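# Observations on chain architecture
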Amino acid sequence: MAKTVDAPTLKTWIRETRKGGAELAILDVREAGQFGIDHMLHAVPCPYSVLEVRAPSLAPRQTVKMVLIDQGDGIAVKAARRLGVMGYSNISILKDGNASWGVSGFEVFQGVNVPSKAFGEVVEHQANTPRIPAEELNKMMERDANMVIVDGRTPVEHNRMSIPGGISLPNAEMPFRIHEIAPDPNTTIVVNCAGRTRSIIGAQGLINAGVPNRVVALKAGTMGWTLAGFELEHDSKLTYPQTMTEKGLEMAARYTEVLLDRFAISTVDPDMLAKWQVDQTRTLFLLDVRSETEYSAGHLPGSIHAPGGQLVQATDAWCGVWGARIVLVDTSPCARAAITAHWLRQMGWEVYVLEGFENGAKNLMQVPPSVEKSDQETISYSDLSTSIESGSVFLVDVDLGMEYREGHLPGAVWCPRAQIGQLEIPEGLNVVVYSENEDRARLAALDLTEETTNPVAVLEGGRADWVRNGLPLESSSNTPPDSVCIDYLFWVSTRHMGSDEAARAYLEWEENLPAQIIADGDARFAVMTR
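The following paragraphs examine the structure supplied in this document.

The rules behind each value
- The residue count restarts for each chain, going from 1 along the sequence in the order it is written.
- Only residues with pLDDT of at least 70 get local features here, since the model is predicted, and only at 80 or more are side-chain atom pairs given and counted; chain-wide, interface and lining totals rely on the full set of residues.
- Side-chain calculation: all heavy atoms of the structure are included, whereas hydrogens and water are not.
- For two strands to pair, DSSP has to find at least two bridges joining them.
- To qualify as a helix, a DSSP run of H or I must reach at least 4 residues; to qualify as a strand, a run of E must reach at least 2; elements of each kind are numbered from the N terminus.
- Contacts are residue-level and defined by heavy atoms, with any inter-residue pair within 4.5 Å sufficient.
- Axes, fitted as lines to C-alpha atoms, cover a helix only where it is in contact. Angles between the N-to-C directions of the axes lie from 0 to 180 degrees.
- Each salt bridge in this description consists of a side-chain nitrogen of Lys or Arg and a carboxyl oxygen of Asp or Glu lying within 4 Å of one another.
- Buried means the residue's accessible area, taken with a 1.4 Å probe over protein chains only, is under 20% of the maximum for its type, while exposed means over 50%, and partly exposed covers the values in between.
- Aromatic pairs are defined between Phe, Tyr and Trp rings, using the six-membered ring for Trp, whenever the two ring centres lie within 6.5 Å; interplanar angles under 30 degrees are classed as stacked, those over 60 as edge-to-face, and all others as tilted.
- For classification purposes, an angle smaller than 35 degrees is called roughly parallel, one larger than 145 roughly antiparallel, one from 65 to 115 roughly perpendicular, and anything else oblique.
- Should the near helix be turned anticlockwise from the far one by less than a right angle, the crossing is termed left-handed; should it be turned clockwise, right-handed.
- Each residue receives one of three labels: charged for Asp, Glu, Lys and Arg, nonpolar for Ala, Val, Leu, Ile, Met, Phe, Trp, Tyr, Cys and Pro, and polar for the others, Gly being one of them.
- Throughout this description, the term nonpolar core refers to a set of buried Ala, Val, Leu, Ile, Met, Phe, Trp, Tyr and Cys residues connected via side-chain atoms within 4.5 Å.
- Note that the arc is computed from the directions linking the helix axis to the C-beta atoms.

The subject of this paragraph is the sheet that holds strand β7 (residues 147-151). Read from one edge to the other, the open sheet built from five strands follows the order β6-β10-β9-β7-β8, with strand pairing classed as parallel. In this open sheet, the two edge strands, each paired with only one partner strand, are β6 (131-132) and β8 (167-168). Packed on one face of the sheet, helix α7 (residues 134-142) meets β6, β7, β9 (188-192) and β10 (215-218) and runs near 130° to β7. Together, β9 and β10 form the strand contacts of helix α10 (residues 197-208), whose direction differs from that of β10 by roughly 175°.

Structure follows, in structure tokens:
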């Protein structure tokens, strides 16, 4: 039986961790929409719907001190039981759920990836990162100024929408590859993202690395561009050169040396890493910050792919234990690891760059933990189709609410795993649960078998297999209604859906984060300026 902890005690634990020498994993097991509406600064999202898949990567050491947060609805108790079966042994539950944090007078945050986004705002304030508005960039474009526009987001985001002429160059790749794109020191480098954070971090990172060019962030990114009345480009394929010149590698090595020296970044050799990997008293995150292609071609056993730019932007997607060690893996000259490490250190993490890795480990790409399949009944797409036609099945979609709206199996009801106990299951029907693939469905099936005596089966191959075999889907634009979509954060998502009001509100939220950080009082940020 998990212990309970009240909000003031948890606040004390957070402060003890901040002082060093202790580790703490605060896992918020609510769904994404619930988490995004309000949560504490140091909570890490780990939805109950994917708990057994996410928890081992967020908190790999099973004896770590862990606190679970729910909506005060008992889901944390269920989560603690599941984690206990997996071997976790030091679990507490926040008494009265997430609401108790604000009731106790502590700061509550909206949105996602808040520690990273707040850090970006603090960087701009303290480093006075140079920035230009969309109108100024447009004038530079009109007069054909000597400049390049680089997009610090992921290639997928860049392809979806971008500043006209912008080149995809994820933030961690910038000090590594910027010389190939802007070899002339007189070229102005404009860094953009969708909003503010990655523009700031990308631009300031180049400045911190000692790049001789004038570097500026595009204020408010693509949102600022559209708010100024300019058109975005879609389906852009512009990206950085895939090969490096000798001069490019020379400059990347120079920038790496500047970052490691100026920001006192520690390195670790393979022998020490091997000792840390078997140390049962400390949590270790071994993160490979290279591109997905490089990672797939060969990586160290046990390392997880975490492209550096995204790692800084969403640290809580990879690192769920405050006070843990982080070791970053990169190939020589380790510019991507250096730029990532220098930010993580300023965010308060104990971080190291691995020495001597040169793509020598040729093992299969790391596969996320999967759900045990041997003890659960399955049903094929063909047998399910027959059962649907005969009316002998109660079909449950446990995937994301927005995906259910876009397309679900005929007659399926939507129910996230956290609400399985609220389902009204007709007697005499076989229950079939499905998701896009199988993992979410297999996890939900664990709960379903505890709630009903009806036979429960998982759709083999999931919705993806159903679609691959040409079987039909139904759509429902308003079902489930917004009010019950606990796995979707509407106010964040609408900023890219043509709503100027939503875009302005989002930008204002980002700009207000530093004040909230001060009010909270427990951020580990220590911004170092040149």
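Still more ground to cover, so stick around.
This paragraph deals with the pattern of salt bridges. A full pass over the atoms with the stated rule returns 39 salt bridges. Linked through salt bridges whose partners overlap, the residues forming this network are Glu23, Arg61, Asp279, Arg282, Arg325 and Glu350.

On to the sheet that holds strand β1 (residues 3-5). The strand order across the open sheet built from five strands is β1-β5-β4-β2-β3, with neighbouring strands paired in parallel fashion. Edge positions in the sheet fall to β1 and β3 (44-45), since each of these pairs with one other strand and no more. Relative to strand β5 (residues 91-94), strand β4 (residues 66-69) runs parallel, the two sharing three bridges. Following the sheet pairing, Val67 is matched in β5 by Ser92. Across the sheet, helix α1 (residues 7-19) is in contact with β1, β2 (25-28), β4 and β5; its angle to β1 comes to roughly 85°.

A few words now on the pairing of β5. Every regular strand shows the same layout, with side chains that alternate between the two sheet faces. Burial along β5 is two-sided: the residues Ile91 and Ile93 and Ser92 and Leu94 are all buried. Where β1 lies against β5, three bridges are found, and the strand directions are parallel. Of the residues in β5, the one forming a bridge with Val5 is Leu94.

A few words on the packing of aromatic side chains. By the definition in use, this model includes eight aromatic pairs. Ring centres of Trp101 and Phe106 lie 4.7 Å apart, and the angle between their planes is 45°; on these two criteria the pair is classed as tilted. The exposure class of Trp101 is buried, given its relative accessible area of 1%. Consider the rings of Trp225 and Phe230, whose centres lie 4.7 Å apart with planes at 45°: the pair is tilted. Residue classification places Trp225 among the buried positions, given a relative accessible area of 2%. Grouped by ring-pair contacts, the aromatic residues Phe119, Trp343 and Phe525 constitute a single cluster.

Across the interface, helix α4 (residues 75-86) lies against helix α19 (residues 439-451) with an axial gap of 13 Å and an inter-helix angle of 110°. For the element pair α4 / α19, the angle class is roughly perpendicular. Considering how the two elements wind past one another, α4 and α19 form a crossing that is right-handed. Seen from α4, the contacting residues are Lys78, Arg81 and Arg82; seen from α19, they are Leu446, Asp447, Glu450 and Glu451. Residues that form the contact of α4 with α19 fall into these classes: one nonpolar, no polar and six charged.

Moving on, we get to the nonpolar core. Generally speaking, a soluble globular protein has its nonpolar side chains buried in company with each other. In terms of nonpolar packing, the biggest core is built from 77 residues, with Met66, Leu68, Ile189, Leu287, Ile326 and Leu328 touching the most fellow members. Examining the composition of this core, we find that seven residues originate from one element, helix α16 (residues 335-347), more than from any other. With residues up to four places along the chain from it excluded, the contact list for Leu328 reads Leu287, Val289, Leu311, Ala337, Thr340, Ala341, Leu344, Val351, Tyr352, Val353 and Leu354. Val398, Leu423, Leu429 and Val458 belong to the second largest nonpolar core, which has 16 residues in total.

Of the residues making up α7, those classed as buried are Ala134, Leu137, Asn138 and Met140. End-on, the buried residues of α7 take up no more than an arc of 160°, which puts them together on one face. Residues of α7 that are exposed and angled more than 90 degrees away from the buried face: Lys139 and Glu142. As for α7, its buried residues are in contact with β6, β7, β9, β10 and α11 (221-227). Backbone geometry just after α7 places Asp144 at a positive phi near 55°.

Structurally, the position occupied by Gly152 is in the loop between β7 and α8 (155-160). Look at Gly152 and you get buried, because its relative accessible area is 2%. Along the backbone, Gly152 and Thr452 are 300 residues apart, and their C-alpha atoms lie at a distance of 49 Å. Discounting chain neighbours no more than four positions away, the residues touching Gly152 are Leu169, Pro170, Asn171, Met174, Asn192 and Arg198.

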